[in-house]
Amino acid sequence: MPVAVGPYGQTQPRCFDRVKMGFMMGFAVGMAAGAMFGTFSCLRIGMRGRELMGGVGKTMMQSGGTFGTFMAIGMGIRC
């Protein structure tokens with residue numbers, strides 16, 4: 001498919017850029033969700049201090065990576 005050029009010479013982003021942007025957006029949303037759910041679950045089982053921060057951080061990274069991967073796949077399908 002040809003790339004459309006706008007009135008000021010800008011071009012549309014490439015497919016790789018779209019996939020990368022989808023991953024970053026998904027990662028950010030997943031991190032926010034992981035912060036909420038991770039904090040709640042860690043507090044519920046009684047974690048405090050350094051252990052709490054480690055547990056929440058781990059949950060945030062896992063949620064961000066998972067959701068980011070699915071968003072990147074979705075953006076790749078749309079290319």
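Residues numbered from 1 in each chain as written. Predicted model: local features only at pLDDT ≥ 70, side-chain atom pairs only at ≥ 80, totals over all residues. Heavy atoms only, no water.

- Within an unreviewed UniProt entry, the label attached to the protein chain reads Reactive oxygen species modulator 1, and the organism entered is Cynoglossus semilaevis.
- Quoted straight from UniProt, the Subcellular location (unreviewed entry) entry for the protein chain says "Membrane". (UniProt positions renumbered as here; feature names shortened; annotations may be inferred.)

### Examining the UniProt feature "transmembrane region" (unreviewed entry) in the protein chain
Link 1 in the chain: Following the UniProt record, the feature "transmembrane region" (unreviewed entry) maps to residues 23–43 here.
Link 2 in the chain: Here residues 23–43 is 100% helix and 0% strand, with 29 Å between the C-alpha atoms at its ends. (Helix = DSSP H or I, 4+ residues; strand = E, 2+ residues; numbered from the N terminus.)

### Brief notes about the environment of Arg 44
Link 1 in the chain: On the secondary structure map, Arg 44 appears in helix α1 (residues 15–44).
Link 2 in the chain: Separated by 25 residues in the primary sequence, Arg 44 and Thr 69 have C-alpha atoms spaced 28 Å apart.

### Considerations on helix α2 (residues 49–78)
Link 1 in the chain: The end-to-end C-alpha distance of α2, which contains 30 residues, comes to 43 Å, matching closely the 44 Å that a straight helix rising 1.5 Å per residue would cover.
Link 2 in the chain: Along α2, the residues that are buried comprise Leu 52, Gly 55, Val 56, Gly 64, Gly 68, Ala 72 and Met 75. (Expected span 1.5 Å × (residues − 1). Buried < 20%, exposed > 50% of the residue type's maximum accessible area, 1.4 Å probe, protein only.)

### A short note on a nonpolar patch on the surface
Link 1 in the chain: On the surface, Met 21, Phe 23, Met 24 and Met 25 cluster together to form a nonpolar patch covering roughly 380 Å² of accessible area.
Link 2 in the chain: Following the sequence through the fold, Phe 23 ends up in helix α1.
Link 3 in the chain: According to the relative accessible area criterion, Phe 23 is partly exposed, its value standing at 34%. (Patch = residues over 30% accessible without salt bridge, like charges linked within 9 Å, V, L, I, M, F, W, Y side chains within 5 Å. Areas by Shrake-Rupley, 256 points an atom, 1.4 Å probe, with all protein chains shown as cover. Salt bridge = Lys/Arg side-chain N within 4 Å of Asp/Glu carboxyl O.)

### Some words on the pattern of salt bridges
Link 1 in the chain: Counted by the stated rule, this structure contains two salt bridges.
Link 2 in the chain: Where Arg 14 meets Asp 17, a salt bridge forms, and the shortest distance between an N and an O atom there is 3.5 Å.
Link 3 in the chain: Note on Arg 14: relative accessible area 56%, which makes it exposed.
Link 4 in the chain: Note that Lys 20 is salt-bridged to Asp 17, the shortest N-O span being 3.9 Å. Here Asp 17 and Lys 20 lie together in helix α1, a separation of three residues that amounts to about one turn.
Link 5 in the chain: On the accessibility criterion, Lys 20 (40% relative accessible area) is partly exposed.
Link 6 in the chain: The exposure class assigned to Asp 17 is partly exposed, which follows from its relative accessible area of 25%.
Link 7 in the chain: Overlapping salt bridges, with partners in common, bring together Arg 14, Asp 17 and Lys 20 in one network.

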